[in-house]
Amino acid sequence: METLDGPVLVLAGAGTGKTRVLTTRIAHILATGRAVPHQILAVTFTNKAAREMRERVGVLIGQSVEGMPWLGTFHAIGVKILRRHAELVGLKSNFTILDTDDQVRLMKQVIEAQGIDEKRWPARQLANAIDGWKNRGLTPQQVPAGEAMSFATGKGGELYAAYQARLKTLNAADFGDLLLECIRLFRDNPGVLSEYHRRFRFMLVDEYQDTNVAQYLWLRLLAQTQAGEKPNVCCVGDDDQSIYGWRGAEVDNILRFEKDFPGATVIRLERNYRSTGHILGAAGHLIANNEGRLGKTLFTDDVDGERVTVAGSWDSGEEARAIGDEIEALQRQGHALNDIAILVRASFQMREFEDRFVTLGLPYRVIGGPRFYERAEIRDALAYFRATMQPADDLAFERIVNVPKRGLGDATVQILHDYGRREGVPMMQAARILVETEELKPKPRQTLRNLMTSFGRWAGQAETMRHQDFAQLILEESGYTDMWQKDRTAEAAGRLENLKELVRSMEAFENMAGFLEHISLVMDASEEGASEDKVSILTLHGAKGLEYDTVFLPGWEEGLFPHQRSLDENGRAGLEEERRLAYVGLTRARRRAKVWFASNRRIHGLWQATMPSRFVDELPASHVDVVEASSAYGSGGTFAMSRFDRAQPFSGSTYSTPGWQRAKQNMEAGFKATNAPPRREPLTIEGELVARSTGTASVYKVGDRVFHIKFGYGEIAEIDGNKLTVDFDKAGRKRVVDSFIDAA
DNA sequence: CTTCCGTATGTTTTT
DNA sequence: CATACGGAAG
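Residues numbered from 1 in each chain as written. Chains lettered and ligands numbered in written order. Predicted model: local features only at pLDDT ≥ 70, side-chain atom pairs only at ≥ 80, totals over all residues. Heavy atoms only, no water.

With that out of the way, let us pick up the protein's contact with DNA strand C. Within the structure, DNA strand C sits among Lys 119, Arg 602, His 604 and Gly 605. Backbone atoms, meaning sugar and phosphate, make up 44% of the atoms of DNA strand C lying within 4 Å of the protein. For the surface near DNA strand C, the class distribution of residues is no nonpolar, two polar and two charged. (Near = heavy atom within 4 Å. Nonpolar A, V, L, I, M, F, W, Y, C, P; charged D, E, K, R; others polar.)

In structure tokens form, the structure reads like this:
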């Protein structure tokens, strides 16, 4: 770790203190005077990681050093560089950054402009292709002919080129460009590149296993050195935690680090400070099934602790109930809900848990749902701001020209669009010109005139008011807030709340322009109050980098985990990535990891018999307990939940328990998917609900109109202590706990 | 231009 | 099953 000079690869296993390595290294470089803050380039993948690193460096070196300007995500640093040299890549320095949604809409236009049927060749698909090419560092000219052919019978490359051209006219860049254009900048302008060579004395990269080709090329360019010199580049990562291959990450980057940087020092961190012995043992054994690893074996000085448990359930509903019960049991033993997480493979699995927890009145939070910036209301609001601030931002203008509905539909937009393209002016300007002509029908013409007057007025006010008041004003005068206030659906209240939050978050910025720049890059939700005690529900992907005392891992079934699609599309590599995901899941646990699988699961609405995941088989018997599912569910009927015999957990690596056998038999018998659940649950729910009722009289009465944060408005049908049965207008009849309810 | 109904389609997700 | 999107009718 003291090695400061030359290339260093730190292979940091899960829970070995990866972030600590990076932060102490930075602190060390600064403390020893080897460089000053602005000579250090430190890149991360996510804003969260960047923020965390910044904070931790700050703590280590004290307030004496002003922040590090070159600590950030690949993209944030890319933008910073591009803005300085924008003209060299055909942009102006105030270029707009498009997100995925803008991207797709623009591509749709490009596809249609080429006279291609957008239905046969969806924009979405082209966006994915182009994204893939950009991830691999390919410009339109460099796309392999075969691949360019694959879209729209050979138009793929052309469309990519046309799209890039459109971006330049719009003075815009998409996320991929932030790196790709940087690469082009460096390649075409050696002078610029060497300026950065001189500047960056030390380079550090976090999560190196997640880098894609473009990021790799970018880094290589920056790490180029004079002959004989070795770059001071330090990459930290863990090949066993590479789970973003489907997004362009190349594990290869980390596997061949030593070839790329001859004479590199490789440091392995294998001492784990997070988990108990049994958890590490199980995870290590599992991941050893992968080939092509750099190979690490984690160890700990901690106790062996509890074995990893494996439990089966009849179906996903029972899985949710059993896990809910276990969590309540843990809670009674004094465990904080914040220390408990449920890690799922696919987000559809979350719903069952949510429903169950709502019924139980067990507080939970879903991590990683739709991002703040992705929400329609936020994007609409931002589009208003963008259109006001940057009158050439056609995409923003198009987005909100008819939101709220004001009678300016496709026909009108098309006219503006055509005129703009023909005359080479932005749509807003086209609109100003056209309202003075006879080209538009009287009604839309008047509406459009009013709208343009508003935009004109707002643009004038931008300078004179505080930007948050300014934002508020636009949202109100445009009728946007009004639109949601009139909306009585479940989400409307939340949307208004989000808008308020958006305006509130602007306070932290100098002005509107600064805010827009930030939001286009950062775009993640304002930190949710982690202060309340709640169970976390998140995907395995979302769990990377996090840790919890107790981790529940439901849905370990063939087809779901490993996911069938991963297997089909990427074969062995896909399987190995799934296995790494399992490894990530297990290693999130500090004290308890609890694996679950169900024998039946509803997939696409049909009940399917499922087989336990091969990963269950790959867990070593010596670190695992096969446990009986919660007894409450096992006792009713012949087909009731099987018991797993504690006394004979395994024979070899094959399970011999009844549930296991039955699950396999079900598969082998070729159980056909049915429309009906394979079996009705015993009526334990009612008994349990009654038993659990607090008896406290509810403040509500039958027939009251209420509002539920998740289900919206509804009417109370029954009351049972603090458990209410509510007929929701949209969500139907649900049983909920009254603490989740407000009077409507 | 809006509303409603039918059909298609169901991983993982950051910037 | 449930939702999301696109096409046809009002």
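Having seen the model, we can carry on.
Considering the arrangement of structural elements, one finds Ser 242 in the loop between strand S7 (233–237) and helix H11 (251–255). Once residues lying within four places of it in the same chain are set aside, the contact partners of Ser 242 are Gln 209, Asp 210, Val 251, Glu 577 and Arg 580. (Helix = DSSP H or I, 4+ residues; strand = E, 2+ residues; numbered from the N terminus. Contact = heavy atoms within 4.5 Å.)

The next point concerns the packing of aromatic side chains. Inspection of the entire model under this criterion finds 22 aromatic pairs. On the numbers, 5.6 Å between centres and 20° between planes, the contact of Trp 133 with Tyr 160 is stacked. Taken together, the positions of Trp 133 in helix H5 (residues 123–135) and Tyr 160 in helix H7 (residues 156–169) put the pair 27 residues apart, joining distant regions of the chain. Here Trp 133 and Tyr 160 have matching classes, each one buried. (Phe/Tyr/Trp six-rings, centres within 6.5 Å; stacked < 30°, edge-to-face > 60°. Buried < 20%, exposed > 50% of the residue type's maximum accessible area, 1.4 Å probe, protein only.)

The next thing to look at is the confidence of the model for chain A. Looking at chain A, pLDDT values average 84 and 88% of them are 70 or higher. Predicted confidence in chain A is weakest over helix H29 (residues 684–692), with a mean pLDDT of 30, and strongest over strand S13 (residues 548–553), with 97. A low-confidence stretch, residues 630–696 stays under pLDDT 50, and its non-local contacts, those more than four residues away or across chains, total 121 contacts. (pLDDT = per-residue confidence, 0-100.)

Here we take up the packing of helix H1 (residues 18–31) against helix H2 (residues 47–61). Remark: H1 packs on H2, axes separated minimally by 9 Å, with the N-to-C direction vectors making an angle of 45°. Here H2 runs oblique to H1, going by the angle between their axes. For the element pair H1 and H2, the recorded crossing hand is right-handed. Mapping the contact onto sequence places Thr 19, Arg 20, Leu 22, Thr 23, Thr 24, Ile 26, Ala 27 and Leu 30 in H1 and Glu 52, Met 53, Arg 56, Val 57, Leu 60 and Ile 61 in H2. When the residues that make up the contact of H1 with H2 are grouped by side-chain class, the tally is eight nonpolar, three polar and three charged. (Axes fitted to C-alpha atoms, helices over the stretch in contact; angles between N-to-C directions. Parallel < 35°, antiparallel > 145°, perpendicular 65-115°, else oblique. Left-handed = near helix turned anticlockwise from the far one by under 90°.)

What surrounds DNA strand B is a group of 29 residues, the closest being Ser 347, Arg 371, Tyr 373, Gly 409 and Thr 539. Take the atoms of DNA strand B that sit within 4 Å of the protein: sugar and phosphate atoms are 55% of them. One of the side-chain N or O atoms of Arg 247 is found 3.3 Å from a sugar or linking oxygen in DNA strand B. Listing elements by their share of the surface near DNA strand B, those giving two or more residues are helix H18 (410–423) and helix H25 (564–587). The biggest single contributor to the surface near DNA strand B is H25, with three residues. (Polar contact = N/O pair within 3.5 Å; in protein donor to acceptor, adjacent residues only side chain to side chain.)

For the rest of this paragraph, the subject is the pattern of salt bridges. If charged atoms from side chains of opposite charge come close, those side chains can pair. Enumeration over the complete set of coordinates arrives at 56 salt bridges. We note a salt bridge from Asp 99 to Arg 379, for which the minimum N-O separation is 2.5 Å. Within this pair, whereas Asp 99 is found in the loop between strand S4 (96–98) and helix H4 (100–113), its partner Arg 379 is found in helix H16 (residues 376–389), the two being separated by 280 residues in sequence. Take Asp 99 and Arg 379: they sit in the same class, and that class is buried. If you follow the salt bridges from partner to partner, you end up with Asp 99, Asp 101, Asp 102, Arg 105, Arg 379, Asp 380, Arg 386, Asp 393 and Arg 399 in one network. (Salt bridge = Lys/Arg side-chain N within 4 Å of Asp/Glu carboxyl O.)

With that out of the way, let us pick up the sheet that holds strand S6 (residues 202–205). Taken in spatial order, the six strands make up an open sheet running S3-S2-S6-S7-S1-S8, and their pairing is parallel. Taken across any chain shown, the strands that pair with only one partner, and hence form the sheet edges, are strand S3 (71–73) and strand S8 (265–269). Going across the sheet, the axis of each strand differs from the next one's by a mean of 15°, ignoring polarity. Against the sheet, H1 makes contact with strand S1 (8–12), strand S2 (40–44), S6, S7 and S8, and its axis sits at roughly 170° relative to S6, the strand it touches most. (Pairing = 2+ DSSP bridges.)

The subject of this paragraph is helix H21 (residues 467–477). His 467, Gln 468, Phe 470, Ala 471, Leu 473, Ile 474 and Leu 475 are the residues of H21 that are buried. Within two residues after H21, Gly 479 carries a phi angle of roughly 85°, on the positive side.

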